[in-house]
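These are the residues of each chain, in order.
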Amino acid sequence: MDDSIAALVRQEGWRAEGAAARVHYEGGRDRFAVEFYAETGRVLYWTVPTDEDEGGTAAPVPRERIPDPLRRRVREDLDAADIDPEIERRDL
C-alpha cells in the first residue's frame, strides 16, 4: 500500500481500496464518496445514491458543486496525513 494512502486511512472514515483511499460523507439529503489517488495525486468526488434512490448509481461531481465544509474537511484530512492539501483543488 502506498505510504500516503496508509497515512490517509488513519484519518476518520477513510479506507484503502486498491490504489486509492475512499471515504463517504452525508450531509442533509446528499451523500458523497471522496477518493484520493496517490499515483496521480488527485481527489475525485462522487454522488452516492440515497436510501430513497436505491436504484441510482454513483456519478462524478464537479468540485464547484461540492459543499465548502466537505472540501475543507478533505483538505484537513490530507494535511493530517502529510499530503499536500492543495491537491484537492487540482483539476482533472
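Let me sum up the structure you'll find in this document. Keep in mind that this is a model prediction, so the values were computed, not measured.

What follows is about the overall build of the protein. Across its full length, the protein carries 2 helices and 5 strands. Listing each helix as α and each strand as β along the protein from the N terminus yields α-β-β-β-β-β-α. Taking 92 residues into account, the globule formula puts the C-alpha radius of gyration at 12 Å, and the protein, at 13 Å, falls close to it. With respect to the three principal axes, the spread of C-alpha positions in the protein is 35 × 25 × 25 Å. Expressed as a percentage of the 92 residues in the protein, the buried residues total 37%. Sequence-distant contacts, at least 24 apart, represent 35% of the contacts inside the protein between residues at least 6 apart. Accessible surface, the protein as shown: approximately 5800 Å² in total, 44% of it carbon and sulfur. On the protein, the mean spot of the 14 positive side-chain charges and the mean spot of the 22 negative ones are 3 Å from each other.

This paragraph deals with the environment of Leu44. Looking at the element boundaries, Leu44 is found in strand β4 (residues 42-47). Ignoring any residue separated from it by four or fewer positions in sequence, one finds Leu44 in contact with Ala33, Val34, Glu35, Tyr37 and Leu92.

Moving on to unusual backbone geometry. Backbone geometry places Asp82, a non-glycine residue, at a positive phi of 60 degrees. Along the chain, the position of Asp82 falls in the segment after α2 (68-80). The class of Asp82 is exposed, set by a relative accessible area of 74%.

Position of Glu88 among the secondary structure elements: in the segment after α2. Only 2.6 Å separates the side chain of Glu88 from the side chain of Arg71, close enough to count as a polar contact. For Glu88, the contacting residues outside a window of four places in its chain are Val43, Tyr45, Arg63, Arg71, Val74, Arg75 and Leu78.

This part takes up the nonpolar core. Judged by nonpolar contacts, the single largest core of 20 residues is most densely connected at Val34 and Phe36. For this core, the secondary structure elements donating two or more residues are α1 (3-8), β2 (20-27), β3 (30-37), β4 and α2. If we skip the residues at most four places from it in the chain, Val34 touches Trp14, Ala21, Arg22, Val23, Tyr25, Val43, Leu44, Tyr45, Leu70 and Val74.

Taken as a whole and judged by the stated rule, the model has 9 salt bridges. Close ionic contact of Glu26 with Arg31 constitutes a salt bridge, the shortest N to O distance being 3.6 Å. Judged by its relative accessible area of 61%, Glu26 is exposed. Residue classification places Arg31 among the partly exposed positions, given a relative accessible area of 21%. For the salt bridge of Glu88 with Arg63, the shortest nitrogen-to-oxygen distance reads 3.9 Å. Of this pair, Glu88 sits in the segment after α2 while Arg63 sits in the loop between β5 (59-60) and α2, and the two are 25 residues apart along the sequence. The network of salt bridges with common partners includes Arg15, Glu17, Arg22 and Glu35.

Parameters at a glance
- Residues numbered from 1 in each chain as written.
- Predicted model: local features only at pLDDT ≥ 70, side-chain atom pairs only at ≥ 80, totals over all residues.
- Heavy atoms only, no water.
- Helix = DSSP H or I, 4+ residues; strand = E, 2+ residues; numbered from the N terminus.
- Rg over C-alpha atoms; globule rule 2.2 N^0.38 Å.
- Buried < 20%, exposed > 50% of the residue type's maximum accessible area, 1.4 Å probe, protein only.
- Contact = heavy atoms within 4.5 Å.
- Areas by Shrake-Rupley, 256 points an atom, 1.4 Å probe, with all protein chains shown as cover.
- Lys, Arg positive; Asp, Glu negative; His and termini not counted.
- Charge placed at Lys NZ, Arg CZ, Asp CG, Glu CD.
- Polar contact = N/O pair within 3.5 Å; in protein donor to acceptor, adjacent residues only side chain to side chain.
- Core = buried A, V, L, I, M, F, W, Y, C linked by side-chain atoms within 4.5 Å.
- Salt bridge = Lys/Arg side-chain N within 4 Å of Asp/Glu carboxyl O.

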